[in-house]
Amino acid sequence: MLALTLEDFMVELNDGSIKNVGPKNKSATVKLFDVEDAEAREFGDKRAKLVFEDEEGNEIQVSLFPEQVRKLADDIEALEAESPAFE
């Protein structure tokens, strides 16, 4: 399931073209639940891409620098050691 929340978001759709209208204070939150597939790939010369997909084909891609990937790996390792979620 993909949940998308858009804040202060307004666009103009005209003849198939999307144009930003209004101030540039837009923000979004995306959540993907019930992930069926997750993988890591190279992204350019300096980043890694994490790709998550659910059973309905919704997909989220996240590009991270190596130090962010290492921090995430450390966080996961700590969870494995301390959290009942990994029992």
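Reading guide: rules and limits
Residues numbered from 1 in each chain as written. Predicted model: local features only at pLDDT ≥ 70, side-chain atom pairs only at ≥ 80, totals over all residues. Heavy atoms only, no water. Helix = DSSP H or I, 4+ residues; strand = E, 2+ residues; numbered from the N terminus. Buried < 20%, exposed > 50% of the residue type's maximum accessible area, 1.4 Å probe, protein only. Lys, Arg positive; Asp, Glu negative; His and termini not counted. Salt bridge = Lys/Arg side-chain N within 4 Å of Asp/Glu carboxyl O. Polar contact = N/O pair within 3.5 Å; in protein donor to acceptor, adjacent residues only side chain to side chain. Contact = heavy atoms within 4.5 Å.

**Details of unusual backbone geometry**
With a phi close to 50°, Asp8 is a non-glycine residue in the positive phi region. Relative to the assigned elements, Asp8 resides in the loop between β1 (2-7) and β2 (11-14). A relative accessible area of 53% places Asp8 in the exposed class. Notably, Asp34 is not glycine yet its phi reads approximately 55°, a positive angle. Tracing the backbone through its elements, the reader meets Asp34 in the loop between β4 (27-32) and β5 (35-43).

**Quick look at the environment of Asp75**
The residue Asp75 is located in helix α1 (residues 66-82) in this model. Taking relative accessible area as the criterion, Asp75 reaches 35% and is therefore assigned partly exposed. Expressed as a C-alpha distance, the spacing of Asp75 and Gln61, which sit 14 residues apart in the sequence, is 19 Å.

**Describing the side chain of Asp54**
Structurally, Asp54 is set in strand β6 (residues 47-54). Although Asp54 is buried, it makes no salt bridge; Arg41 carries the closest opposite charge, 13 Å away. At a separation of 3.1 Å, a polar atom in the side chain of Asp54 contacts the main-chain amide nitrogen of Gly57. Leave out the neighbours within four places in its chain, and Asp54 touches Met1, Leu2, Leu32, Phe33, Asp34, Val35 and Glu36.

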